[in-house]
2 protein chains.
Amino acid sequence: MNKIIVDCLGCDNKTAVIKGIAKALNEIDDVIIYASGDEKEIKSILHNENYDKSRLGFINAPEVITNNDSPVLAIRTKENSSLVQALQFLRNNYDVSALISAGSTGAVLCGSIIILGKEENVDRPTLVSYLPTSNNSFVCLTDCGANIDSRPQHLLEFATLANENVKKAFKIDNPRIGLLSIGSEDKKGNALTKEAFVLLKNSDLNFVGNVEPKNVLNGDVDVVVADGFYGNILLKTIESSAKTILKNILNKLYKHIPGDADSSFIKESYEECLKEIDFNSQGGAQILGIKKAVIKAHGSANEDTIVNCIKQAIKNI
Amino acid sequence: MNKIIVDCLGCDNKTAVIKGIAKALNEIDDVIIYASGDEKEIKSILHNENYDKSRLGFINAPEVITNNDSPVLAIRTKENSSLVQALQFLRNNYDVSALISAGSTGAVLCGSIIILGKEENVDRPTLVSYLPTSNNSFVCLTDCGANIDSRPQHLLEFATLANENVKKAFKIDNPRIGLLSIGSEDKKGNALTKEAFVLLKNSDLNFVGNVEPKNVLNGDVDVVVADGFYGNILLKTIESSAKTILKNILNKLYKHIPGDADSSFIKESYEECLKEIDFNSQGGAQILGIKKAVIKAHGSANEDTIVNCIKQAIKNI
């Protein structure tokens, strides 16, 4: 039985996160969930929900770490926060395998490193996201915002961590690793990527060279390596521009559809697309390079996000 | 009468570029165009076209600068190339106001700086693109790929140049300037943007702070400032992800439409959207900070690209 913790506080909508736990217990059989937060409040929110109560445990920790808190300071001083208690519970119980939190990214990252500790030989743990590609596959983006102003050897480290994760979680033998750049030619790039290119080329990884955004979206690689600054820009641009263009075509479709035609299929198609590009509901970003699995869900996580994050965690164990 | 040069060589499809000149002469009354390239070849391609021949001049320069040439070396040694001759003609004739080229970006940039010269007090000229926004406006992206590993003062310079251009070309009194970053809070960013933030804040510009990709797409600013490396990533990601999602929804619409319904309006809506996001046919990237106007069209420029670039050049004069 998989044992997974869900941090219920520090997110935009704790009711959605808590109800997501009940939904997950109904959809997934082989999981025990520990809800970290104010036990009374959680029970009251779940009062009218139907789920298998025997598979729900509690970590009673009513204190909240918010986005306004300094991450390091909060981890060191808010001993009774849902996040700190959850991380300590994860560290202290060998049979508990993962934590899901929709709280402050900085605090989740710092807390994971301080409380769980880095894996051996890892300098900078990395935050990775799995982006859907046009060929119905995915690409693992490392780093998607945790590491800013990385050095070339960090990019090699991100690639190595993502390589192992993709192999394990998606049963891909020899993941194709691409380096995000502004052209596919070997010499294209900035000072950072030019040095990282040489390190990746000389590594044991299946490095396929520089890739552009279109290669990422087409699924030409399994892993795309970037500094967290422009990795984050890539991630957010894909999301925003997809939403913008979908709204645009929706308006045009409603404008051009013959007056007497049934338009319900437009809404259906639009919503299917929206769901596919909604990274938020698909799961969360994962921290690689620390001693246990931690998944950072989007701050605005909804019920489905929590269900999907739990499925993602189980896949990774 | 506006006098504008079109470089006909070094692009993917010179026939399209040359036919674009005839199309432009038909669509735009107040322009004289000088076609730079192999005069005989240009005349032969235009043989069957109808246009006002009295408004077409030639710069006979049959040599080609390709993407494989070293830009600086090519500018210095290929004296009879269509690009070098075009730039010299632009420099030497005060009444000729702009050059449009779909040739090698590197060569167009180097050539512009070497032959035309930088404007007074400009250290690094910048390449800017105008991106369409969801509120039917545009945003000027500076830099979109010419300047890699910029220093903070360069970002201030890009902003200053783009500010002047937007004021002039779009009659906006006090353009809103945003700094591309990974969060809208003042302290978010990397080492480069944090320093540039202070410089922009202390400048006379209407600096509105850090912006994320969604702000760029929503048209929350008139100018977005970035180093050319991730400016280029932003540009290419918007283009690729819009195309990817459009294909995706098109497939779903055809899948879900009732069998007996007329589907022609779907194709119509799709093509309208595609046209709006096709930066290629909308115009070109402009080099700011040099002594005359130079517009770099996409290598795969088609007839419409040339027409739109000429309109863009006239707007900027």
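Residues numbered from 1 in each chain as written. Chains lettered and ligands numbered in written order. Predicted model: local features only at pLDDT ≥ 70, side-chain atom pairs only at ≥ 80, totals over all residues. Heavy atoms only, no water.

**A few points about the overall build of chain A**
Scanning chain A from terminus to terminus reveals 12 helices and 11 strands. Its C-alpha atoms give chain A principal-axis dimensions of roughly 65 × 60 × 35 Å. Here the analysis covers contacts within chain A between residues at least 6 apart in sequence; of these, 72% occur between residues at least 24 apart. On chain A, roughly 13200 Å² of surface is accessible, and the fraction owed to carbon and sulfur atoms is 45%. Here chain A holds 35 positive side-chain charges and 40 negative ones, and the gap between their average locations is 2 Å. (Helix = DSSP H or I, 4+ residues; strand = E, 2+ residues; numbered from the N terminus. Contact = heavy atoms within 4.5 Å. Areas by Shrake-Rupley, 256 points an atom, 1.4 Å probe, with all protein chains shown as cover. Lys, Arg positive; Asp, Glu negative; His and termini not counted. Charge placed at Lys NZ, Arg CZ, Asp CG, Glu CD.)

**Regarding the interface of chain B and chain A**
Across the contact, 46 residues belong to chain B and 46 residues belong to chain A. Summing both partners gives a buried area of about 4200 Å² for chain B against chain A, and 75% of it is carried by carbon and sulfur. In terms of surface lost to chain A, no three residues of chain B exceed Ile182, Phe229 and Phe265 of chain B, which account for 16% of the buried area on that side. At the junction of chain B and chain A, the tally comes to eight salt bridges. Residues Lys252 of chain A and Glu272 of chain B are paired through a salt bridge, measuring 3.8 Å at the closest nitrogen-oxygen approach. If you look at where chain B meets chain A, you find 15 residue pairs in polar contact (both at pLDDT 80 or more). Those elements that provide at least two residues to the side of chain B that touches chain A are helix 7 (191–201), helix 8 (213–218), helix 9 (228–256) and helix 10 (264–277) of chain B. Its residues placed into classes, the side of chain B that touches chain A shows 23 nonpolar, 14 polar and nine charged. (Buried area = accessible area lost by both parts, 1.4 Å probe. Salt bridge = Lys/Arg side-chain N within 4 Å of Asp/Glu carboxyl O. Polar contact = N/O pair within 3.5 Å; in protein donor to acceptor, adjacent residues only side chain to side chain. Nonpolar A, V, L, I, M, F, W, Y, C, P; charged D, E, K, R; others polar.)

**Observations regarding the sheet that holds strand 6 (residues 138–142) of chain B**
Residue and element names in this part refer to chain B. Spatial ordering of the open sheet is given by 3-2-1-4-11-10-5-6-9-7-8, a layout of 11 strands whose pairing is mixed. Since the sheet does not close on itself, it has two edges, and those belong to strand 3 (56–60) and strand 8 (206–211), each with one partner. The sheet shows a mean angle of 25° between the axes of neighbouring strands, taken without regard to direction. In this structure, strand 1 (residues 2–7) lies alongside strand 2 (residues 31–37), joined through six bridges in parallel fashion. Within the sheet, the bridge partner assigned to Lys3 lies in strand 2 and is Ile32. Contacts from helix 6 (residues 152–170) reach strand 5 (126–132), strand 6, strand 7 (176–180), strand 9 (223–225) and strand 10 (285–288), with the element oriented near 150° to strand 6. (Pairing = 2+ DSSP bridges. Axes fitted to C-alpha atoms, helices over the stretch in contact; angles between N-to-C directions.)

**Comments concerning the environment of Asn215 of chain B**
Residues and elements named next belong to chain B. Relative to the helices and strands, Asn215 is located in helix 8. C-alpha separation for the pair Asn215 and Gly178, spaced 37 residues apart in sequence, amounts to 8.9 Å. Sequence-distant contacts of Asn215, defined by excluding residues within four places in its chain, comprise Asp220 and Val221. One polar contact links Asn215 to Asp220, side chain to side chain, over a distance of 2.9 Å.

**Things to note about the sheet that holds strand 8 (residues 206–211) of chain A**
All names here are of chain A. Strand order in the open sheet made by the 11 strands is 3-2-1-4-11-10-5-6-9-7-8, with mixed pairing throughout. In this open sheet, the two edge strands, each paired with only one partner strand, are strand 3 (56–60) and strand 8. For this sheet, the mean angle separating the axes of adjacent strands, direction not counted, is 25°. Pairing analysis gives three bridges linking strand 5 (residues 126–132) to strand 10 (residues 285–288), with the strands arranged antiparallel. Looking at strand 10, one finds that Thr126 is bridged to Leu288.

**Quick notes on the relation of the copies chain B and chain A**
Mapping chain B onto chain A calls for a rotation angle of 180° and an axial translation of 0.0 Å; the resulting RMSD is 0.1 Å. Classification of the inter-copy transformation places it as that of a two-fold axis. (Least-squares fit on C-alpha atoms with pLDDT ≥ 70 in both.)

**Section: the pairing of strand 1 (residues 2–7) of chain A**
Residues and elements named next belong to chain A. Across the six residues that make up strand 1, a large majority, five, are buried. Chirality of the crossover, the property in question, places the unit of strand 1, helix 1 (residues 14–27) and strand 2 (residues 31–37) among those that are right-handed. As paired elements, strand 1 and strand 4 (residues 98–101) share four bridges and run parallel to each other. Note on strand 4: the bridge partner recorded for Ile5 is Leu99. (Buried < 20%, exposed > 50% of the residue type's maximum accessible area, 1.4 Å probe, protein only. Right-handed = clockwise from strand over helix to strand, strands pointing away.)

**Details of the pattern of salt bridges**
When their charged atoms lie close together, side chains carrying opposite charge are able to pair. Residues and elements named next belong to chain A. Under the counting rule described, the total for this entry stands at 30 salt bridges over all chains. Measuring nitrogen to oxygen at the nearest pair gives 3.6 Å for the salt bridge that ties Glu271 to Lys267. You can see Glu271 and its partner Lys267 sitting in helix 10 (residues 264–277), four residues apart, about one turn around the helix. For Lys267, a relative accessible area of 47% puts it in the partly exposed group.

**Observations concerning the confidence of the model for chain A**
Summarising the model, chain A shows a mean pLDDT of 94, and 99% of its residues fall at 70 or more. For this predicted complex, the interface confidence comes out at an ipTM of 0.90, alongside a pTM of 0.91. (pLDDT = per-residue confidence, 0-100.)

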